[in-house]
Amino acid sequence: MQDTTLALLEELIARLELVESQPFRVKAYQRLLEHLTRLPRSVWHSPEAILQALEGKEKIGEGLKQTLHQLLATGSIPLLEELRKKVPDSLLELRRLPGLGPRRIQQLWREVGVVSVDGLHQALQRGKLHKLSGWGPVLLQRLEEAIRIYQKQRHLLLYAEAVQLWQQVLGSLREQGIRAEAVGELRRALPLIERIEGIIPIESISFLLAEGWLPEAERDQLRHPELPVHLYGVEEWGEALLRLTGPPAFWEKVRKRLPENIRGLTEEVLFQAAGLPYILPAWRDWEDIIELAEAGRLPKPLLPQHVQGTLHVHTTYSDGADSLEEMVEAARGQGWKWLGIADHSQRAYYAGGLSPERLADQTNAIDRLNHTYAGAFHILKGIEADILPTGEIDYTEEVWRKLDFIVASIHEKLHMERSEATQRLSRALSNPYVKVLGHWTGRLLRSRPGYPIDEEVILAICAQQRIAIEFNANPYRMEIDWRWVRRAAELNIPIILTTDAHAVEELAYWRTGLSVLQKGLLPPTLLLNAYSEPPFG
């Protein structure tokens, strides 16, 4: 019920943004969605319990409650059905391209008749966008590049998307009393997923066929009639879990170590039978992981309880959707002990970047909040400062020294040669006030590859200067890439898992981010989030 309801509300908001001339209506549904995402799973057993849990919530009136009750009871509302007729499904896909928010998509739809990514590509090639107000040559060039990448990777799912779809199917299977577990790329937490796969007991196949699941070409395999989810019916659970999690090369290495008879063995016992410690699914993509395991060089796993706080959080002071107080209270609701605020710096005027005076107002507000918490929770004063094209950091030392930390990020002039990008980052990292390198290469999964850099040079500087590197858990970023996380760990460089949250619900990105970060063999000792006291300040 929870995942379906939240997905329907997200769809409603996405469609409404493209036709609604009154933004307060969109904001009302966004507020309802935010409140719902904060409710504990325990209340999602009935519409009445959910509505009761919303009692007293700020700005949730009777009209919204009635709408929610109808959505919970019937799975839809008239407004959503009306919007489905008005707004083409393909139009929603345009939101996946960077730089295309609701206003620009409205403009494409109404002024050019573009309703899909492929249609946008054709319009670009035919020069139909050059006369649109606000569409300069730089934007058009970047958009064409993003479309080219997206068209190659559009069939891939972001890890967070795949997790959400799997949880939806898993909840349904469990309600029917069917045991199921994810395997394949999803279980290995790859940032991009080609295929969502799971295993079920083989005796459940006939039941699911009767329930509408479809048979695959291979025997004992099913696919969901609507979602990109595939199931394997298995007899030996432990063996199937190990084999189908993969990757194939890892399974082959382990299989050669196993005795002939492995019937009835769990996955954990199979590793023991192979003479190996348990190797986490997220680690199995490394070609040398078995050698590391034999040598006793596997790190301790990163666990959810290690996360005591995070930073790089945006508020309404710049382009965030929620206030400073709301973001802090949501962080406290996660059970964290500290939070680092890092709104955009003044250079990012397009994102409401803070003037020095506005930044001072925010730091004063943080001081007042810290006083009210009396040490029970600590808020760090920071900024996401733009790295200028020259490599300098936005603002001046007079501003820097009043902050607890600076996250230095590149947001403009992303098209650079490798030497230029490396030099730009190198100069920025020489600033002693920079504590965290943000956005690594600025990539966006499925749409932007990121600027090329000499990774070893940048890592060496971070190691020398003791600058932490951000692992940005936004589902479209998931970087520093997990393959470079391992190299950073070898150089003893700390990593900070951030959410880059611009709204309360985005603070939850840390969970899927932690799963992907796990792939980089990072020990908890190098995870700054594991500090019970703030790492800066």
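Details of the structure are given in the entry above.
My aim in this report is to walk through the structure given alongside it, one point at a time. (Residues numbered from 1 in each chain as written. Predicted model: local features only at pLDDT ≥ 70, side-chain atom pairs only at ≥ 80, totals over all residues. Heavy atoms only, no water.)

1. As for the overall build of the protein chain
Our working definition: A helix here means a DSSP run of H or I that spans at least four residues, while a strand means a run of E at least two residues long, and both kinds are numbered starting from the N terminus. Between the two quantities, the radius of gyration covers C-alpha atoms and the globule rule is 2.2 Å times the number of residues to the power 0.38. A simple rule labels every residue: compare its accessible area, found with a 1.4 Å probe on the protein chains alone, to the largest value its type can have, and call it buried under 20%, exposed over 50%, or partly exposed in between. Whether two residues are in contact is decided by their heavy atoms: any pair within 4.5 Å suffices. The protein chains shown are the only cover counted for residues, whose accessible areas, like all others here, come from Shrake-Rupley with a 1.4 Å probe. Neither His nor the chain ends is counted toward charge; the positive residues are Lys and Arg and the negative residues Asp and Glu. Note that the charge is assigned to NZ on lysines, CZ on arginines, CG on aspartates and CD on glutamates.
Within the protein chain one finds 23 helices and 14 strands. What you see for the protein chain is a C-alpha radius of gyration of 24 Å, in line with the 24 Å of a compact globule of 537 residues. Structurally, the protein chain occupies a C-alpha span of about 70 × 60 × 55 Å along its principal axes. A total of 537 residues make up the protein chain; the buried ones form 55% of that total. In the protein chain, once contacts between residues fewer than 6 apart in sequence are set aside, the share between residues at least 24 apart is 69%. Summed over all atoms, the accessible surface of the protein chain reaches about 24300 Å², with 49% contributed by carbon and sulfur. Counting 63 positive and 72 negative side-chain charges, the protein chain places the averaged centre of each group 2 Å from the other.

2. Details of the side chain of Arg-424
Which entries qualify depends on this criterion: Think of a salt bridge as a Lys or Arg side-chain nitrogen and an Asp or Glu carboxyl oxygen that are within 4 Å of each other. Think of a polar contact as two N or O atoms within 3.5 Å of one another; within protein, one of them needs to be a possible hydrogen donor and the other a possible acceptor, and neighboring residues in sequence only count if both atoms come from side chains.
As for its position among the elements, Arg-424 is in helix H20 (residues 418-429). Notably, Arg-424 is buried but unbridged: the nearest opposite-charge side chain belongs to Glu-412, and the N-O separation is 5.1 Å. A polar contact is formed between the side chain of Arg-424 and the backbone oxygen of Ile-387, at a distance of 2.8 Å. Polar side-chain contacts of Arg-424 include one of 3.1 Å to the backbone oxygen of Glu-412. Setting aside chain neighbours within four positions, we find Arg-424 in contact with Ile-387, Leu-388, Pro-389, Gly-391, Ile-410, Glu-412, Lys-413 and Met-416.

3. Thoughts on the side chain of Asp-343
Topologically, Asp-343 is positioned in strand S9 (residues 338-344). Despite being buried, Asp-343 has no salt bridge partner; Arg-358 is the closest side chain of opposite charge, sitting 7.9 Å away. Among the polar contacts made by the side chain of Asp-343, one reaches the side chain of Thr-315 at a distance of 2.7 Å. At 2.5 Å, the side chain of Asp-343 and the side chain of Ser-318 are in polar contact. Sequence-distant contacts of Asp-343, defined by excluding residues within four places in its chain, comprise Val-313, His-314, Thr-315, Tyr-317, Ser-318, Leu-354, Gln-362, Gly-382, Ile-383 and Glu-384.

4. Considering the pattern of salt bridges
Summed over all chains, the structure comprises 34 salt bridges. For Arg-195, the salt bridge is made with Glu-197, and the minimal N-O distance between the two is 2.8 Å. Relative accessible area serves as the criterion here: at 28%, Arg-195 is assigned to the partly exposed category. Using a relative accessible area of 12% as the deciding quantity, one classes Glu-197 as buried. Where Arg-332 meets Glu-329, a salt bridge forms, and the shortest distance between an N and an O atom there is 3.1 Å.

5. What to know about the sheet that holds strand S10 (residues 378-386)
To keep things clear, this is the line we draw: DSSP-based pairing: two strands are paired if at least 2 bridges between them are found. To obtain an axis, a line is fitted to C-alpha atoms, over the contacting stretch when the element is a helix, and the angle between two such axes runs from 0 to 180 degrees between their N-to-C directions.
One open sheet holds the 7 strands; their spatial order is S8-S9-S10-S11-S12-S13-S14, and the pairing between them is parallel. Edge positions in the sheet fall to strand S8 (309-313) and strand S14 (495-498), since each has one partner strand and no second. Direction of pairing for strand S12 (residues 436-437) relative to strand S13 (residues 468-472): parallel, over a ladder of 2 bridges. Of the residues in S13, the one forming a bridge with Val-436 is Ala-468. Where helix H17 (residues 324-333) meets the sheet, its contacts fall on S8, S9 and S10, and the angle it forms with S9 comes to roughly 145°. Lying on the sheet, helix H23 (residues 509-517) is in contact with S13 and S14; it crosses S14 at an angle near 145°.

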